[in-house]
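Examination of the molecular architecture
These are the residues of each chain, in order.
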Amino acid sequence: VQLQASGGGLVQAGGFLRLSCAASGSIFSLNVMGWYRQAPGRQRELVARITRGGSTNYADSAKGRFTISRDNAKNTVYLQMLNLEPEDTAVYYCNLKTLGVAPTDYWGQGTQVTVSS
């Protein structure tokens, strides 16, 4: 399984970005896709995730500003980020987690998001 992320960049505070991540390969149908981020000197943390059925959960910092969605036919997950803050600056990683008897995590290459004040 390969994950290809895109959509990062440099924006001013209050701006917006939309991240995309397309999965390819042999993908187990029972899975969760999501976005994590890692800022310098900090651990990687969950931003948001979504099941194939559309159930979502968000980090508190993302609630009300970020929206995760997915297109199952395209094996693609999106993260719409509004009202960005400098604290959102990080490398954002796409994740696909397969469920079942042998859960496996797959990661994309990461895309940089920089929010200037």
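Reading the values: rules and limits
Residues numbered from 1 in each chain as written. Predicted model: local features only at pLDDT ≥ 70, side-chain atom pairs only at ≥ 80, totals over all residues. Heavy atoms only, no water. Disulfide = S-S within 2.5 Å. Helix = DSSP H or I, 4+ residues; strand = E, 2+ residues; numbered from the N terminus. Buried < 20%, exposed > 50% of the residue type's maximum accessible area, 1.4 Å probe, protein only. Pairing = 2+ DSSP bridges. Axes fitted to C-alpha atoms, helices over the stretch in contact; angles between N-to-C directions.

**Some remarks on the state of the cysteines**
If you walk through the whole model with that rule in mind, you get one disulfide. Through a disulfide, Cys21 is tied to Cys94; the S-S separation comes to 2.1 Å. Measuring handedness by torsion sign, the sulfur bridge of Cys21 and Cys94 sits at about -85 degrees and is left-handed. A residue pair is termed long-range when its members are at least 10 positions apart, and Cys21 in strand 3 (residues 17–24) and Cys94 in strand 9 (residues 90–98) qualify at 73 residues. Assessed through its relative accessible area of 0%, Cys21 is described here as buried. Of the residues examined, Cys94 reaches a relative accessible area of 0% and is grouped as buried.

**Some thoughts on the sheet that holds strand 3**
The strands making up a sheet associate through backbone hydrogen bonding, with each pair oriented either parallel or antiparallel. The strand order 1-3-8-7 describes an open sheet built from four strands, whose pairing is antiparallel. The open sheet is flanked by strand 1 (2–6) and strand 7 (66–71), the only strands paired with a single partner. On average, each strand axis in the sheet is tilted by 15 degrees relative to the strand beside it, whichever way the strands run. Of the pairings in the sheet, the one linking strand 3 to strand 8 (residues 76–81) comprises six bridges and is antiparallel in character. The residue of strand 8 that forms the bridge with Leu17 is Met81.

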